[in-house]
Amino acid sequence: MILLRHTVCGILPGARSLSTRASAILSSLDIPAGAAELPGVYDGEWSGSGDVLESVCPTTGEVLARVRSATPHELHKALGKSKEAYLHLRTVPAPKRGELLRQIREALSAKRDVLGALVSLEMGKIKTEGIGEVQEFVDICDYAVGLSRMMNGRVVASERPGHTILEVPNPIGVVGVLTAFNFPVAVYGWNFSLSVAAGNANVWKPSPSTPLCAIATTKIIARVLEKNGLPGAVSTLITGGKDVGEAIVASQDIPLVSFTGSEAVGRVVGKAVQSRFGKSILELGGNNASIIMPDADMQLAVPAVFFGAIGTAGQRCTSTRRLYLHRAIAPKFLDALQKLYATISVGDPLVDGTLLGPLHTRAAVGIYSDAVERLRQSGAEILAGGRKYDHAALSQGNFVQPTISVPKTTNPADEMWSTETFAPILNVGLFDELEQAIEWNNAVPQGLSSSLWTRDIRNVGKWIGPEGSDAGIVNVNVGTSGAEIGAAFGGNKSTGWGRESGGDAWKQYVRWSACTVNFSDAAPLAQGVDFST
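The structure contained in this document is the topic of the report that follows. What you see is a predicted model; the values in this text were computed from it and never measured.

## Comments concerning the side chain of Thr454
By the element assignment, Thr454 lies in the loop between strand S21 (449-453) and helix H15 (457-464). Of note is the side chain of Thr454, whose polar atom sits 3.1 Å from the backbone nitrogen of Asp456. Residue contacts for Thr454: discarding those within four places in its chain leaves Met293, Asp295, Ala296, Asn459, Val460 and Asn477.

## Some points on the sheet that holds strand S5 (residues 52-56)
Spatially, the three strands line up as an open sheet ordered S2-S6-S5, and their pairing is mixed. Each having just a single partner strand, strand S2 (38-39) and S5 make up the two edges of the open sheet. Of the strand pairs in this sheet, S5 and strand S6 (residues 63-68) are connected by five bridges, and their pairing is antiparallel. Residue pairing for S6: Val56 is matched across the bridge by Val63.

## Describing the packing of aromatic side chains
Using the criterion set out here, one finds 10 aromatic pairs in the structure. Taken together, a centroid distance of 5.9 Å and an interplanar angle of 45° make the contact between Trp506 and Trp512 tilted. An aromatic cluster is defined as three or more aromatic residues linked by ring pairs; in this entry it consists of Phe137, Tyr188, Phe192 and Trp204. Positioned above the aromatic ring of Phe183 is the side chain of Lys125, whose terminal nitrogen or guanidinium carbon lies 3.6 Å from the ring centre.

## Some details on the layout of surface pockets
Taken as a whole, the largest pocket encloses approximately 1,100 Å³ of empty space. Phe259, Thr260, Gly261, Ser262 and Val265 are the residues nearest the centre of the largest pocket, which is lined by 37 residues in total. Of all the secondary structure elements, the ones that give two or more residues to the lining of the largest pocket are helix H8 (242-250), strand S12 (256-260), helix H9 (263-275) and helix H12 (362-377). Estimates place the volume of the second largest pocket at around 430 Å³. Along its surface, the second largest pocket is lined by 22 residues, and Glu136, Phe183, Arg316, Gly482 and Ala483 are the ones closest to its centre. Looking at the lining of the second largest pocket, the elements with two or more residues in it are helix H5 (127-147), helix H6 (186-198) and strand S25 (500-501). Ranked by the residues each element gives to the lining of the second largest pocket, the list is headed by H5, at six residues. Each residue belonging to the lining of the second largest pocket can be placed in one class, and the counts come to seven nonpolar, seven polar and eight charged.

## Focus on the environment of Val517
Take Val517: it is sitting in strand S26 (residues 510-518). C-alpha separation for the pair Val517 and Gly162, spaced 355 residues apart in sequence, amounts to 8.5 Å. Residues contacting Val517, with those up to four places away along its chain left out, are Gly162, His163, Thr164 and Leu166.

## Let's talk about H5
Between its terminal C-alpha atoms H5 stretches 30 Å, which fits the 30 Å expected from 21 residues at 1.5 Å a residue. Along H5, the residues classified as buried are Glu129, Gly130, Ile131, Glu133, Val134, Glu136, Phe137, Val138, Ile140, Cys141, Ala144 and Leu147. At its buried positions, H5 is contacted by helix H3 (94-110), helix H4 (112-122), H6, helix H7 (211-227), helix H10 (298-310) and S25.

About the criteria used
- Residues numbered from 1 in each chain as written.
- Predicted model: local features only at pLDDT ≥ 70, side-chain atom pairs only at ≥ 80, totals over all residues.
- Heavy atoms only, no water.
- Helix = DSSP H or I, 4+ residues; strand = E, 2+ residues; numbered from the N terminus.
- Polar contact = N/O pair within 3.5 Å; in protein donor to acceptor, adjacent residues only side chain to side chain.
- Contact = heavy atoms within 4.5 Å.
- Pairing = 2+ DSSP bridges.
- Phe/Tyr/Trp six-rings, centres within 6.5 Å; stacked < 30°, edge-to-face > 60°.
- Lys NZ or Arg CZ within 6 Å of the ring centre and 35° of its normal.
- 1 Å grid on protein atoms, 1.4 Å probe; cavity = no way out; pocket = protein on both sides within 12 Å on 5 of 7 lines; lining within 4 Å.
- Points joined across faces, edges and corners; volume = space filled by probe spheres on them.
- Nonpolar A, V, L, I, M, F, W, Y, C, P; charged D, E, K, R; others polar.
- Expected span 1.5 Å × (residues − 1).
- Buried < 20%, exposed > 50% of the residue type's maximum accessible area, 1.4 Å probe, protein only.

Pasting the structure below:
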């Protein structure tokens with residue numbers, strides 16, 4: 001049964017007439033509700049006189065705001081101010097930068113629920129996920145506060161008497177952060193927090209479809225920077241389209257570019273940055289699989305797959321898109337999963353209890369429909385979903401039914417298995433031996449997240465070892481989606497090899513120097529070379 005959550009955010013007549021709910025959320029975040037246009041550039045002061053970006057509520061189609069993006073002149077000016085801000089921030093002791101991040105953490109925490117509501121309003125994810133996304137930014141700030149006192153180098157033993165070798169990290173410069181619509185707050189947080197702890201300034205180019213989340217987050221950060229007498233361009237915001245992204249990627253003044261998005265665009269970004277000998281962090285496609293063994297705890301595995309496939313309407317990089325079931329338990333597992341699918345509550349993501357919100361754009365609905373049609377034409381069995389919702393209460397939004405499909409073949413080279421579709425479509429294949437499932441898991445181009453459900457330690461050892469999953473995230477009895485901030489986040493192969501958030505990810509945001517120091521009265525050469533006259 002589908003439980004409808006009726007929306008209260010209707011489309012009202014008039015160019016800038018907003019629903020009460022939208023107005024309340026924007027006003028709580030210091031964004032003028034109903035303004036004709038909003039400035040979308042911040043470099044210490046707000047500006048923007050370029051093309052207009054429209055922020056559209058995916059639940060109702062309501063235009064939430066029109067945002068003026070950067071002109072080429074404003075872009076050039078903002079990049080210049082970011083470089084100036086870096087020259088200042090690099091001289092601030094790292095623990096002082098940690099104190100700055102602690103204050104930003106407190107400011108974000110104070111606005112967590114309302115900023116999370118804006119994520120739900122503008123992006124479309126449900127309320128608890130919107131709040132959870134802001135909590136990720138809060139958590140990574142906590143992490144970076146401690147990190148600011150532990151960004152250590154190394155002392156290396158020298159073969160020469162009276163010498164020592166130091167490996168020293170220093171700030172890298174200005175970091176460009178290009179984020180996607182599906183995590184319009186958290187991904188900037190992952191990058192910004194580590195980057196500031198390292199002593200860098202940052203330039204944020206958000207998705208053109210989620211400018212309000214970026215504006216609201218920037219306002220929170222800017223107030224803390226101003227309070228501490230620091231340049232606002234430590235956290236520069238430049239909204240815009242493809243031209244703005246290309247300019248940031250091409251800029252010689254930005255030695256490190258972090259890009260989150262599609263594999264196709266990531267390939268272009270990676271080549272462009274490499275062509276100027278810059279560094280890049282790429283977080284791209286994730287065609288993630290869960291493998292269910294006969295000894296799996298079904299009470300844990302079924303809900304985990306349910307969340308992995310349906311959470312954020314299948315629009316997470318870590319969403320579960322492939323499900324490999326051992327043949328012995330496949331009927332029982334699919335029966336339990338279909339029963340969960342039948343009870344999902346769909347509708348307004350800001351209403352408590354809603355589990356499925358809309359896809360982010362009308363275009364995404366088309367991508368979903370095309371993918372389902374290809375499955376049908378190939379002879380796949382559709383066990384659940386497979387079409388848009390036709391209820392009147394959902395007619396203005398981008399709502400689609402979560403889909404379970406059993407394709408006729410399990411050939412990983414087939415498009416249905418090898419291509420990521422950013423929608424709630426779960427393809428199911430049956431296997432007889434774990435080795436076969438691991439082979440299928442690894443056979444696709446992407447390598448972000450993976451999950452094995454078993455209670456046999458022998459399976460665990462194989463799965464996490466050299467013969468196991470080749471993904472960047474290799475979970476056991478944990479779903480593919482919902483990573484914590486403490487470990488490095490990222491994937492392998494066409495996912496891009498980038499790492500953000502915890503672990504050793506901070507080491508990408510610094511430049512490294514090997515420093516040999518001679519404190520003796522002689523100057524011997526390494527390797528015993530004698531160059532005396």
